[in-house]
Amino acid sequence: MTTQSKPRRRPSIHMIDTEADALADLAVSVEKRMPQVSALLIDEIGRATVHSAKTMPRDVVTMSSQVEFVDEASGETRTIQLVYPHEADIAAGRVSILTPVGAGLIGLRQGQSIRWPDRDGHERTLSVVGVVQPAIAN
């Protein structure tokens, strides 16, 4: 006998306070041009646990971090750096926060997975394998 399972809740996520503010402003600024990504990002910011940069766990995907993840639909493992739109360069592995993948990965911890829509609206599972934070300049 099989039972239907309820839709899975999205995993808890974490954001740096200053990044959450900047991302909210960014999402609002592109709302008319990119309504889907804007809405997804605003929803994620709204449900995030917010931390100062000093108290953010090191295994959380933040802006400028490098993240290795698996797209469970294709089985492909990718390593990208999550960046603001003006820094994006897909050939160099720098993916904008204003892409479905970028908005889906922000705030996840190593070992977490999320079911997330792609550009075509199909849900995919993204699983974080590893996170490397950028070096802090002295």
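Keep in mind that this is a model prediction, so the values were computed, not measured.

1. Concerning the overall build of the protein chain
Logical step 1: Helix and strand counts for the protein chain stand at 3 helices and 7 strands.
Logical step 2: Listed by position from the N terminus, the elements making up the protein chain come as β-α-α-β-β-β-β-α-β-β.
Logical step 3: The C-alpha radius of gyration of the protein chain comes to 15 Å, within 12% of the 14 Å expected for a compact globule of 138 residues.
Logical step 4: Each principal axis of the C-alpha distribution contributes one length, and for the protein chain these read about 60 × 35 × 30 Å.
Logical step 5: The proportion of buried residues among the 138 residues of the protein chain is 43%.
Logical step 6: Here the contacts in the protein chain between residues at least 6 apart in sequence split such that 58% fall between residues at least 24 apart.
Logical step 7: By element, 50% of the accessible surface of the protein chain is carried by carbon and sulfur atoms, the whole surface being about 8,100 Å².

2. Considering the sheet that holds strand 7 (residues 123–132)
Logical step 1: With mixed pairing, the 5 strands of this open sheet are ordered in space as 5-4-3-7-6. The sheet is open, and its two borders are formed by strand 5 (94–96) and strand 6 (113–117), each paired with just one other strand. Across the sheet, the axes of successive neighbouring strands diverge by a mean angle of 45°, strand direction being ignored.
Logical step 2: Both strand 3 (residues 66–71) and strand 4 (residues 76–83) contribute to a ladder of 6 bridges, which runs antiparallel. Each bridged residue has a counterpart across the sheet, and for Val70 the counterpart in strand 4 is Thr77.

3. Considering the pairing of strand 3
Logical step 1: Two successive antiparallel strands, strand 3 and strand 4, enclose a turn made up of 4 residues, where Gly75 displays a positive phi of approximately 80°.
Logical step 2: Pairing of strand 3 with strand 7, which is carried by 6 bridges, proceeds in the antiparallel orientation. If you follow Phe69 over to strand 7, its bridge partner there is Val128.

4. Points about the nonpolar core
Logical step 1: Within the largest apolar cluster, 30 residues are counted, with the highest numbers of intra-cluster contacts made by Leu23, Leu41, Ile97, Leu105 and Ile106.
Logical step 2: Of all the elements in the fold, those that place two or more residues in this core are helix 1 (17–29), helix 2 (35–47), strand 3, strand 4, helix 3 (100–105), strand 6 and strand 7.
Logical step 3: Setting aside residues up to four positions removed in sequence, Ile97 forms contacts with Leu23, Leu26, Val37, Leu41, Met63, Leu82, Val83, Tyr84, Pro85, Gly102, Ala103 and Ile106.

5. Considerations on the pattern of salt bridges
Logical step 1: Under the defined criterion, the tally for this structure stands at 6 salt bridges.
Logical step 2: The residue Glu44 makes a salt bridge to Arg10 at a minimum N-O spacing of 3.6 Å. With Glu44 in helix 2 and Arg10 in the segment before strand 1 (14–16), this residue pair connects regions lying 34 residues apart in the sequence.
Logical step 3: Overall, the relative accessible area of 0% leaves Glu44 in the buried class.
Logical step 4: Among the salt bridges present, the one from Asp59 reaches Arg109, with a minimum N-O distance of 3.0 Å.

6. Regarding the side chain of Glu19
Logical step 1: Here Glu19 shows up in helix 1.
Logical step 2: This buried residue, Glu19, is left without a salt bridge; Arg58 holds the nearest opposite charge, at 10 Å.

What counts, and where the lines are drawn
- Residues numbered from 1 in each chain as written.
- Predicted model: local features only at pLDDT ≥ 70, side-chain atom pairs only at ≥ 80, totals over all residues.
- Heavy atoms only, no water.
- Helix = DSSP H or I, 4+ residues; strand = E, 2+ residues; numbered from the N terminus.
- Rg over C-alpha atoms; globule rule 2.2 N^0.38 Å.
- Buried < 20%, exposed > 50% of the residue type's maximum accessible area, 1.4 Å probe, protein only.
- Contact = heavy atoms within 4.5 Å.
- Areas by Shrake-Rupley, 256 points an atom, 1.4 Å probe, with all protein chains shown as cover.
- Pairing = 2+ DSSP bridges.
- Axes fitted to C-alpha atoms, helices over the stretch in contact; angles between N-to-C directions.
- Core = buried A, V, L, I, M, F, W, Y, C linked by side-chain atoms within 4.5 Å.
- Salt bridge = Lys/Arg side-chain N within 4 Å of Asp/Glu carboxyl O.
- Lys, Arg positive; Asp, Glu negative; His and termini not counted.

Structural measurements only, silent on function.
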